[in-house]
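An overview of the molecular structure
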Amino acid sequence: MHEIVDSQSLLRTIMSPALTVSSDKSTTNANAIKAQARPTYILHRTPWRPPVATRAEGIYIDLEDGRRVIDAVGGAAVACIGSGNQTVIEAIKAQADELTYVYNMQLSNGPAEELAKFLIESGKGAFGLCGFVSGGSEAMEGAIKLARQYFFETNQPQRVHFIARNLSYHGNTLSTVSLSNNPARRKPYEGILDHEHFHFVSPAFAKRFQRSDESEADYVERLRKELDDKFQELGPGNVIAFVAETVVGATTGALPAPTGYFKAMKSVCDKYGALLILDEVMSGMGRMGTMHAWESFGDGVFPDIQAVAKGLGGGYASIGAVLFSERIAEGIRDHSGLWMHGHTYQAHPLACAAALAVQHVISSSNLLENCRTQGAYLSSLLHSRLQGPNCLARPYTFDIRGGGLFWGIEFDFTDSDSSVAEKKKLDFKGRPFALAVQAKALENGLVVMGFTGCANIEGTRGDHNLLAPPYNVTKDEVEKIVDIFVESVEQVLKEGGA
Ligand SMILES: *Cc1c(COP(=O)(O)O)cnc(C)c1O
């Protein structure tokens, strides 16, 4: 998930302490050394060999070197009920005894049908049908293709354009990278990305881009007009959809849009007969404290097509889904009557059974309510601790944002945006601050995510960390997470000269 692709040796230096973290148990040190010495045959996503996890329970993960760490971000906002949930494990075992695989072009299966019913009902009228895939990128790829299939079949084949936003992330396949504007992730592939059909408008990021002479409503109106102009530029009848993350995830860090934004953007889509596609791969399925993020952050607007994934299977299975409105369902029913987009592992019985059990745990234990309650507590602790008078981080904490159990903390070290007099010039020896915090937190026994590049459109400036604990996190665990996180931030600052 790290955004710095051209400074791998730098990252190696920053992160390697995580592997050799000292512990007072000498056997632990011996295990750490042994673990490090063992070769890996995996091309990892980090330039260093990540520690190996051996077991997990609730919010805790045990590592091969004997340490136990708290996962405060559920992997990548995935493990929404933590690990080792017995109800889910039993459901997977029971399904394995009954039926492990059928190919969905020949046969459907019980768990898939039941999960589909659950998802459609969860939309309270927003959705008519859905289809299953194996993850978030496949869901967004499926959403793109479904939108095109819809217009192809309903006699508007001239619609070929998608408009998405800068500083967004929609997946790692070629089309979804083309649809995303996360500069670091695009860089190696620019030469083969699709620049013809995927276009961009500004992000909805008031704290950074709303002008001082603008009200929130003015800012939303400027963004609305920019989208309208982009439709005009591409030919108003040629656009398939406007695509956005309801709450932006990795790229800018748990960033909700300003009030009225989705209503304004939807009005442009409606004006030109185009679709609204919401990417809720990270922010959906309860993460924001409501089943769908648009229920709490969408101005009452719901999408024509929506992608979900991470919290759907909660890490117990690889699964994603494309949910779509009755309008799309009807358009396709009246023509081909089928989803053109197929994958071999679609609607996998084990994955669907696991996801169904995860969703059952969430609803039967009232976890969305806990998500809202503990989320509010997490937010208040982050605010009072990081912006408290004695906190080293106070001058550098630019923004604490999010909702539910999805929180981004953005730090700023530049003088230009400084509104705080005591901001000092710090020297992190060229290290990205948020990644140094991620490494320090892991040393201290806490898994968080760190990213760079949220502060400008070029993606060259900005530091943020992401927290996304499970919906069943306890008050004690929230306090532990904030303690270790704030301590790690202060340690990195101190080492930088604060
Ligand atoms: C993670 C993510 C994706 C991609 O999902 P994968 O399961 O990693 O393929 C797409 N969109 C958003 C918003 C995401 O956070």
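Residues numbered from 1 in each chain as written. Predicted model: local features only at pLDDT ≥ 70, side-chain atom pairs only at ≥ 80, totals over all residues. Heavy atoms only, no water.

**What to know about the packing of helix 16 (residues 367-386) against helix 18 (residues 475-495)**
It is the contact of helix 16 with helix 18, at a shortest axis distance of 10 Å, that shows an interaxial angle of 30°. As the angle between them shows, helix 16 and helix 18 are arranged roughly parallel. In this structure, helix 16 meets helix 18 at a crossing whose hand is right-handed. Across the interface between the two elements, Gln374, Tyr377, Leu378, Leu381, Leu382, Arg385 and Leu386 of helix 16 pack against Lys475, Val478, Glu479, Val482, Asp483, Phe485, Val486 and Val489 of helix 18. Of the residues contributing to the contact of helix 16 with helix 18, the split by class is ten nonpolar, one polar and four charged. (Axes fitted to C-alpha atoms, helices over the stretch in contact; angles between N-to-C directions. Helix = DSSP H or I, 4+ residues; strand = E, 2+ residues; numbered from the N terminus. Parallel < 35°, antiparallel > 145°, perpendicular 65-115°, else oblique. Left-handed = near helix turned anticlockwise from the far one by under 90°. Contact = heavy atoms within 4.5 Å. Nonpolar A, V, L, I, M, F, W, Y, C, P; charged D, E, K, R; others polar.)

**Section: the sheet that holds strand 15 (residues 446-447)**
Reading across the sheet, the four strands line up as 1-2-3-15 and stay open at both edges, with mixed pairing between neighbours. In this open sheet, the two strands that pair with only one neighbour each are strand 1 (53-57) and strand 15. Relative to strand 15, strand 3 (residues 68-71) runs parallel, the two sharing two bridges. Among the inter-strand pairings, Asp71 is bridged to a residue of strand 15, identified as Val447. (Pairing = 2+ DSSP bridges.)

**Observations concerning the layout of surface pockets**
Over the atoms rolls a probe the size of a water molecule, and its path tells where empty space is left. By volume, the second largest pocket is sized at about 780 Å³. Around the second largest pocket, the lining comprises 30 residues; the ones closest to its centre are Asn104, Cys130, Gly131, Phe132 and Trp339. Elements that contribute at least two residues to the lining of the second largest pocket include exactly helix 5 (110-122), strand 4 (129-133) and helix 14 (326-333). Among the residues forming the lining of the second largest pocket, the class breakdown is 17 nonpolar, ten polar and three charged. (1 Å grid on protein atoms, 1.4 Å probe; cavity = no way out; pocket = protein on both sides within 12 Å on 5 of 7 lines; lining within 4 Å. Points joined across faces, edges and corners; volume = space filled by probe spheres on them.)

**Notes on the site of the ligand**
The ligand sits among Gly135, Gly136, Ser137, Tyr169, His170, Gly171, Glu245, Asp279, Val281, Met282 and Lys310. Between Gly136 and the ligand, the recorded distance is 2.8 Å, taken from a backbone N or O atom to an oxygen atom. At a separation of 2.6 Å, an oxygen atom of the ligand approaches a polar side-chain atom of Lys310. With the chains in place, 81% of the 380 Å² that the ligand exposes on its own is no longer accessible. For the shell around the ligand, the class distribution of residues is three nonpolar, five polar and three charged. (Near = heavy atom within 4 Å. Polar contact = N/O pair within 3.5 Å; in protein donor to acceptor, adjacent residues only side chain to side chain. Areas by Shrake-Rupley, 256 points an atom, 1.4 Å probe, with all protein chains shown as cover.)

**Some thoughts on a nonpolar patch on the surface**
Taken together, the side chains of Leu174, Tyr189 and Ile192 define a hydrophobic patch exposed on the protein surface, amounting to about 310 Å² of accessible area. With respect to the helices and strands, the residue Ile192 is situated in the loop between helix 8 (183-186) and strand 6 (198-201). (Patch = residues over 30% accessible without salt bridge, like charges linked within 9 Å, V, L, I, M, F, W, Y side chains within 5 Å. Salt bridge = Lys/Arg side-chain N within 4 Å of Asp/Glu carboxyl O.)

**Remarks on the domain arrangement of the chain**
Looking at the chain, the domain boundaries give domain 1 (2-83 + 367-495) and domain 2 (86-364). Computed over C-alpha atoms, the centres of domain 1 and domain 2 are 27 Å apart. Tallying the contact residues gives 44 residues for domain 1 and 42 residues for domain 2. Buried area between domain 1 and domain 2, summed over both chains or domains, comes out near 3,200 Å², and the portion from carbon and sulfur atoms is 60%. On the surface where domain 1 and domain 2 come into contact, there are two salt bridges. Salt-bridge contacts for Arg208 lead to Glu410; the nearest nitrogen and oxygen are separated by 2.6 Å. Where domain 1 packs against domain 2, one counts 15 residue pairs in polar contact (both at pLDDT 80 or more). (Domains from an automatic or database assignment. Buried area = accessible area lost by both parts, 1.4 Å probe.)

**Description of the sheet that holds strand 5 (residues 161-165)**
Strand order in the open sheet made by the seven strands is 4-12-11-10-7-5-6, with mixed pairing throughout. Two strands lie at the open edges of the sheet, namely strand 4 and strand 6, each paired on one side alone. Averaged over all pairs of adjacent strands, the angle between strand axes in this sheet comes to 20°, irrespective of strand direction. Here helix 10 (residues 216-234) sits on the sheet and contacts strand 5, strand 6 and strand 7 (239-245); the angle it forms with strand 6, its principal contact strand, is near 150°. Strands in contact with helix 11 (residues 261-271) are strand 5, strand 7 and strand 10 (275-279); relative to strand 7, the strand with the most contacts, it is inclined by about 170°.

**Quick look at the packing of aromatic side chains**
The geometry of two aromatic rings is summed up by the distance between their centres and the angle between their planes. Summed over the entire model, instances satisfying the criterion amount to 13 aromatic pairs. Geometrically, the ring pair formed by Tyr261 and Phe262 is edge-to-face, given 5.1 Å between the ring centres and 80° between the ring planes. Per residue, the accessibility class of Tyr261 equals that of Phe262, and both read buried. An aromatic cluster is present here, built from Tyr396, Phe411, Phe413, Phe428 and Phe433 joined pairwise through their rings. The ring of Phe398 has Arg208 sitting right over it, with the charged end atom 3.8 Å from the ring centre. (Phe/Tyr/Trp six-rings, centres within 6.5 Å; stacked < 30°, edge-to-face > 60°. Buried < 20%, exposed > 50% of the residue type's maximum accessible area, 1.4 Å probe, protein only. Lys NZ or Arg CZ within 6 Å of the ring centre and 35° of its normal.)

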